[in-house]
Amino acid sequence: MSTRSELRANRRRRAHSCWGHIVAAPLWPMHGANLGTLLRTCDAVGACLAVPRLPWVPEALAKGNTLRHRSCVHFTGDPLRWLARQRESGSRVVGVELAEGAIRLADLPAARAPTVAVLGHERTGIPDDAVELLDEAVEIPMVGHGTTLNVAVAGSLVLYKLSGLM
Ligand SMILES: C[S@@+](CC[C@H](N)C(=O)[O-])C[C@H]1O[C@@H](n2cnc3c(N)ncnc32)[C@H](O)[C@@H]1O
């Protein structure tokens, strides 16, 4: 039977090498802790993180990068212009949102082409003008009393599904 440290070492040997194939994009972030959580998930699934360079963001990412090694982070500038550029360059832009016509997470296929997973503001969600730039939306079904999940939890579930790791 393998020890825990052997299991961890094996995991590293099989790590993804496809940085950049999937990009998590919390483009209207409010809480640094959520960026840190998303950065950890990005590392786990071999994705990159795209964030606007708000004054507090670099420090929040440095704090959140508890793995203490290089992570793949893109700074976006204006979120709408960045999203439009992603589409022009051929990325599929998937909004993680409770939106009209959204598909359910279970029906979201693993990403075979460059894919951006757009995450909304913690209070107000994805702005209407950005919804217009989405190729599709995916929602995570919920049966409890709450109406939404924490943005880092929602993003992590979608990143795992897009990566095909679960
Ligand atoms: C806390 S929610 C925003 C809630 C906001 N009051 C609203 O109604 O849009 C923050 C973000 O998490 C993601 N999110 C949370 N729960 C979700 C769900 N069940 N399905 C899809 N995305 C979800 C979305 O990206 C959303 O914009």
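Calculation notes
- Residues numbered from 1 in each chain as written.
- Predicted model: local features only at pLDDT ≥ 70, side-chain atom pairs only at ≥ 80, totals over all residues.
- Heavy atoms only, no water.
- Near = heavy atom within 4 Å.
- Polar contact = N/O pair within 3.5 Å; in protein donor to acceptor, adjacent residues only side chain to side chain.
- Areas by Shrake-Rupley, 256 points an atom, 1.4 Å probe, with all protein chains shown as cover.
- Helix = DSSP H or I, 4+ residues; strand = E, 2+ residues; numbered from the N terminus.
- Nonpolar A, V, L, I, M, F, W, Y, C, P; charged D, E, K, R; others polar.
- Salt bridge = Lys/Arg side-chain N within 4 Å of Asp/Glu carboxyl O.
- Buried < 20%, exposed > 50% of the residue type's maximum accessible area, 1.4 Å probe, protein only.
- Patch = residues over 30% accessible without salt bridge, like charges linked within 9 Å, V, L, I, M, F, W, Y side chains within 5 Å.
- Disulfide = S-S within 2.5 Å.

Under an unreviewed UniProt entry, the chain has the name TrmH family RNA methyltransferase and belongs to Actinokineospora soli.

Draft legend 1. Structural view of the site of the ligand. Near the ligand lie 19 residues; those nearest to it are V96, E97, R123, I140 and L149. Contacts to the ligand include E97, whose side-chain N or O atom sits 2.7 Å from an oxygen atom. Protein coverage of the free-state accessible area of the ligand, which is 570 Å², stands at 82%. When residues of the shell around the ligand are traced back to their parent elements, those giving at least two are β7 (136–139) and α6 (151–163). Partitioned by chemical class, the residues of the shell around the ligand number 10 nonpolar, five polar and four charged.

Draft legend 2. Representation of the pattern of salt bridges. Following the criterion strictly, the structure yields two salt bridges and no others. In this structure, the salt-bridge partner of R87 is D135, at a minimum N-O distance of 3.3 Å. You can see R87 sitting in helix α4 (residues 79–88) and its partner D135 sitting in the loop between α5 (128–131) and β7, a full 48 residues away along the chain. A relative accessible area of 38% means that D135 is categorised as partly exposed.

Draft legend 3. Representation of a nonpolar patch on the surface within the structure. Residues M142, L149 and V153 make up a contiguous nonpolar surface patch of roughly 210 Å² in combined accessible area. Relative to the helices and strands, V153 resides in helix α6.

Draft legend 4. Spotlight on the state of the cysteines. All chains considered together, the criterion is met by one disulfide. A sulfur-sulfur distance of 2.1 Å marks the disulfide that ties C48 to C72. Residues C48 and C72 share a disulfide whose torsion about the S-S bond is about 85 degrees; that sign makes it right-handed. Here C48 is found in strand β2 (residues 48–51), whereas its partner C72 is found in the loop between α3 (57–64) and β3 (73–75), with 24 residues between them in sequence. Take C42: it sits in no disulfide, and the sulfur closest to it among the cysteines is that of C48, at 7.3 Å. Under the relative-accessibility criterion, C42 is labelled buried at 2%.

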